[in-house]
Amino acid sequence: MGNKPKSKSKSKADRKERRSAELDEISLLNEWIESQKPDSGSNPLALKPLPDNAPVGRLHDGSFSAYSAATKFSELPLSKKTMDALKKAGYVKMTEIQRASLPHALCGRDVLGAAKTGSGKTLAFVIPVVEKLHKERWGPEDGVGSIIISPTRELAGQLFDVLKTVGKFHNFSAGLLIGGRKDVEMEKERVNELNILVCTPGRLLQHMDETPNFECSQLQILVLDEADRILDVGFKKSLNAIVSQLPKHRQTMLFSATQTKSVQDLARLSLKDPEYISVHEKAESATPSRLQQTAMTVPLDQKLDMLWSFVKAHLNSKILVFLSTCKQVKFVYEAFKKLRPGIPLKCLHGRMKQERRINIYSQFCEQRSVLFCTDVAARGLDFNKAVDWVVQADCPDDVASYIHRVGRTARYLSGGRSVLFLTPSEMKMIDKLKAAKVPIQVIKVNNMKRLQPVSGLLSSLLVKHSELQELAAKAFIRYMRCIHIQKDKDVFEVKELPIDKFAASMGLPLTPNIRFVKKLKGKQLSVGESSVLELETSIKRQKAETNKLREENLDLPAELLSLNDSEDEDVEKDLLLSKQTENEGIEKSAEFGDAVLPTRISKKKKKLKINIHRPVGTRVVFDEQGNTLPPLARVAGANNDDDLSLLDKDKRNEYYKKMREELMKVDKVDKVLDRQRRRDKRIKEKVKRKRGLGDEEEGSDEDLSGSGADEGTNGRKPKRSKIYFNSDSDDDGETRGKKESAIDDSISLAEQEALALKLLDAMHQ
Ligand SMILES: Nc1ncnc2c1ncn2[C@@H]1O[C@H](COP(=O)(O)OP(=O)(O)OP(=O)(O)O)[C@@H](O)[C@H]1O
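Here the structure is a predicted model, which is why all the values come from computation and not from measurement.

Definitions and cut-offs
- Residues numbered from 1 in each chain as written.
- Predicted model: local features only at pLDDT ≥ 70, side-chain atom pairs only at ≥ 80, totals over all residues.
- Heavy atoms only, no water.
- Near = heavy atom within 4 Å.
- Polar contact = N/O pair within 3.5 Å; in protein donor to acceptor, adjacent residues only side chain to side chain.
- Areas by Shrake-Rupley, 256 points an atom, 1.4 Å probe, with all protein chains shown as cover.
- Helix = DSSP H or I, 4+ residues; strand = E, 2+ residues; numbered from the N terminus.
- Nonpolar A, V, L, I, M, F, W, Y, C, P; charged D, E, K, R; others polar.
- Pairing = 2+ DSSP bridges.
- Axes fitted to C-alpha atoms, helices over the stretch in contact; angles between N-to-C directions.
- Contact = heavy atoms within 4.5 Å.
- UniProt positions renumbered as here; feature names shortened; annotations may be inferred.
- Parallel < 35°, antiparallel > 145°, perpendicular 65-115°, else oblique.
- Expected span 1.5 Å × (residues − 1).
- Buried < 20%, exposed > 50% of the residue type's maximum accessible area, 1.4 Å probe, protein only.
- Salt bridge = Lys/Arg side-chain N within 4 Å of Asp/Glu carboxyl O.
- Phe/Tyr/Trp six-rings, centres within 6.5 Å; stacked < 30°, edge-to-face > 60°.
- Core = buried A, V, L, I, M, F, W, Y, C linked by side-chain atoms within 4.5 Å.

Close to the ligand lie 19 residues, the nearest being Lys 93, Lys 121, Thr 122, Asp 382 and Arg 411. One nitrogen or oxygen atom from the main chain of Gly 120 is found 3.1 Å from an oxygen atom belonging to the ligand. Here Glu 226 contributes a side-chain N or O atom positioned 3.3 Å from an oxygen atom of the ligand. When isolated, the ligand has an accessible area of 640 Å², and the protein chains bury 88% of it. Per-element accounting of the shell around the ligand gives the leading share, three residues, to helix α4 (residues 121–135). Considered class by class, the residues forming the shell around the ligand number four nonpolar, eight polar and seven charged.

One open sheet holds the seven strands; their spatial order is β3-β4-β2-β5-β6-β1-β7, and the pairing between them is parallel. In this open sheet, the two strands that pair with only one neighbour each are β3 (174–177) and β7 (275–278). Ignoring which end each strand starts from, the neighbouring axes of this sheet average 10° apart. In terms of strand pairing, strand β2 (residues 146–149) meets strand β4 (residues 196–199) through four bridges, oriented parallel. Paired with Ser 146 across the two strands is Ile 196, which belongs to β4. Lying over the sheet, α4 contacts β2, β4, β5 (221–225) and β6 (251–256), oriented at roughly 165° with respect to β6.

Before going further, it helps to spend a moment on the UniProt feature "domain: DEAD-box RNA helicase Q" (unreviewed entry) in the protein. The sites that carry the UniProt feature "domain: DEAD-box RNA helicase Q" (unreviewed entry) are, in the present numbering, residues 71–99. Across residues 71–99, the secondary structure splits into 45% helix and 0% strand, with the terminal C-alpha atoms separated by 6 Å.

For the rest of this paragraph, the subject is the packing of helix α16 (residues 455–464) against helix α17 (residues 466–485). With their axes 5 Å apart at the nearest point, α16 and α17 run at an angle of 120° to one another. When the axis of α16 is compared with that of α17, the two are oblique. Facing Leu 461, Leu 462 and Lys 464 of α16, the residues of α17 in contact are Ser 466, Leu 468, Gln 469 and Ala 472. When its residues are assigned to classes, the contact of α16 with α17 shows four nonpolar, two polar and one charged.

The next subject is α17. Between its terminal C-alpha atoms α17 stretches 29 Å, which fits the 28 Å expected from 20 residues at 1.5 Å a residue. In terms of burial, α17 is a largely internal element, 17 of the 20 residues being buried.

Evaluated as defined, the whole model comprises 23 salt bridges. A salt bridge links Lys 72 to Glu 75, with the nearest nitrogen and oxygen atoms 3.9 Å apart. Here Glu 75 falls in the buried class, since its relative accessible area comes to 5%. Salt bridges linked by common partners bring Glu 22, Lys 81 and Arg 137 together as one network.

All right, on to the packing of aromatic side chains then. Scanning all chains against the criterion turns up ten aromatic pairs. Between the aromatic rings of Trp 308 and Phe 336, the centroid separation amounts to 5.0 Å while the plane-to-plane angle is 80°, which identifies the pairing as edge-to-face. Of this pair, Trp 308 sits in helix α11 (residues 303–313) while Phe 336 sits in helix α12 (residues 326–339); the two residues are 28 residues apart in sequence, bridging distant segments of the chain. Measuring from ring centre to ring centre gives 5.0 Å for Phe 310 and Trp 389, while their planes differ by 85°; the resulting arrangement is edge-to-face. A residue pair is termed long-range when its members are at least 10 positions apart, and Phe 310 in helix α11 and Trp 389 in strand β12 (residues 389–392) qualify at 79 residues. Per residue, the accessibility class of Phe 310 equals that of Trp 389, and both read buried. Linked through ring pairs, Trp 32, Phe 64 and Tyr 67 together constitute an aromatic cluster.

The seven strands are arranged β10-β11-β9-β12-β13-β8-β14 in an open sheet whose pairing can be described as parallel. Looking at the sheet topology across the chains shown, the edges are occupied by β10 (345–348) and β14 (440–442). Sheet twist, expressed as the mean angle between neighbouring strand axes with direction ignored, is 20°. Both β10 and strand β11 (residues 370–373) contribute to a ladder of four bridges, which runs parallel. Looking at β11, one finds that Cys 347 is bridged to Phe 372.

Let us now look at the nonpolar core. Formed by 136 residues in total, the largest nonpolar core has its most connected members in Phe 331, Phe 372, Phe 476 and Met 480. The greatest single-element share of this core, amounting to ten residues, is contributed by α17. Each residue touching Phe 476, except ones within four places of it in the same chain, is listed here: Ile 499, Phe 502, Ala 503, Met 506, Leu 508, Thr 511, Pro 512 and Ile 514. Residues Val 144, Leu 231, Val 243 and Leu 269 belong to the second largest nonpolar core, which totals 28 residues.

Structure follows, in structure tokens:
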């Protein structure tokens, strides 16, 4: 008891001592920063680096070392707490953007920083944030001292992790405020105690609007990561609303690999004489030098074949595949998953639940796998273990989007490769990329025989799984809309696309009708083979839809989300119209909810009466002379009355029934064969073990399905490996039993081959 007051006073004395040491450190740092400030507008990279082992900080003569010439973190005027954290994380030497921007940022200047993807921009703003609040001795009672805004939730999460690393030994409170989290009420209670907010614009605005007493009037630093994206039209409204609630007197930092140069943008943020730091402006290329970039022409109707072949040829890699819409991501992921390529597959898009998004993101960081994603993963993400390949299966909106997508590989000092698929009409994108200093090499696919066709397999899959058919139709419609509303008409043009062939390549039995507006700029558009397709959108609508579509993939404030819902309804309506035409009735419409149905359907019904049912194996049609015709030629040239027989619902149902029965038969045989194979394998292993060859046994289930087996000398994979593999590695804890039961859900190898042969035969007759 008697000791208690003593220890209390000791700890009080300790605290006092620590406090005074901290104050001394802060005053020394301030003196150092002030005395060696780099000239405004100067480029620290142009200075001669400090010699090795040169004294740092206060020198013998009372002056300070020149931190603007620093090449290592230890040469900067940083607090011991930050230095210790950087050391602990293994950061010693600075990257160019860090060298160029930190000296300016540490002395409180506004910074507009641009540097290639993966070049370390995050530390360039996180360090000044932490240091500023440290030097101001910011505490819980001071409220929000810094806000870091990111366009996507995943990126915000990543920035928050970096902040935790750098601020490890500091005492600030920091919070991650992103959409999709259920605990918003709890967040509201605590947000006023947070010193640093890492957030997406939508969630920040929600707190500004809804949280009682939420205020940032003391804000010291505002950071916009991926600034050009946040300043883009999609976030314009929310950003303006946010900025209007922030004090004008603050430090502001904007970073991106593709920086905005718009004076208007900067005016919106009230920057004060910002330092423009563009470290790679004079570099030969706008992309990382260790990145090998290729592009190839892939007709739209062969894209899935090419993608499938690519995945099958790179089973040992970590691959990021970009597609232009959520629906496509869903379709390609679901369809490929059922075909079990031999590598775990994952998908990531803006419409997924937040928890799942986070799981997928962290799983992809750890595993060799293929991640199909929208542009939600295009910016900023630094997947832990290097991504080997970035595949842009759909052309990016613009050059900036290309640069960010490929930037998910070849980060910091590592290498990486990327490939861009362009349809013949999109090849102009190459000129645009080259003009923007992107060293991309166009390659030809020499051996088309190596292409593994997947369309036939998809047709069979769609017959077997009706939900997949709906997904395919939605993906098709969404893709067409996406191309239609793209701004850059040099590159994106719907009328150049082989629409029917594309639908067929997705396994769709018929081409869905699309409720596009009739005229574009008052001109009637013909859309090739698809005479039923009408384009009705005006330029104004086009612009609005481009924005909506862009926003779809990102973390949006509520009012923008509702725009996207209406966009979704449009797709549902298109789909519904297709279904209706197909079914000659509206009995199926109930599936989509009453809200979507009304008047439009009855209005459109008459217009869109041509629609044939084109089930698997009947795509080839012949003219009177016995020549083959393209799929819809029959419809285009035929008398409607005759064709109505093709729409006979009973006939079609009968056909599907037959097809299903056939598949089930094949399935049964395949299961027996499969069981037999497994039994044989077990016997073989037993024999091996008995002979003492146990240690030469092959690996686990996962290994068997992986690429090791695939990269045999003749490129063929032992059949068994496909059978045991469950490509949806989302289910990590899956038991063997579950894996086996998943087989029933997919098409077996024997079946795939049989169907593929059947389809190929039919196609090449
Ligand atoms: N000084 C450093 N020393 C070692 N590694 C670093 C350093 N700075 C950054 N890195 C590492 O480099 C990688 C890329 O950094 P970061 O994510 O900040 O890049 P970026 O420039 O923001 O990229 P993007 O433009 O894609 O957002 C990260 O893994 C990070 O840990």
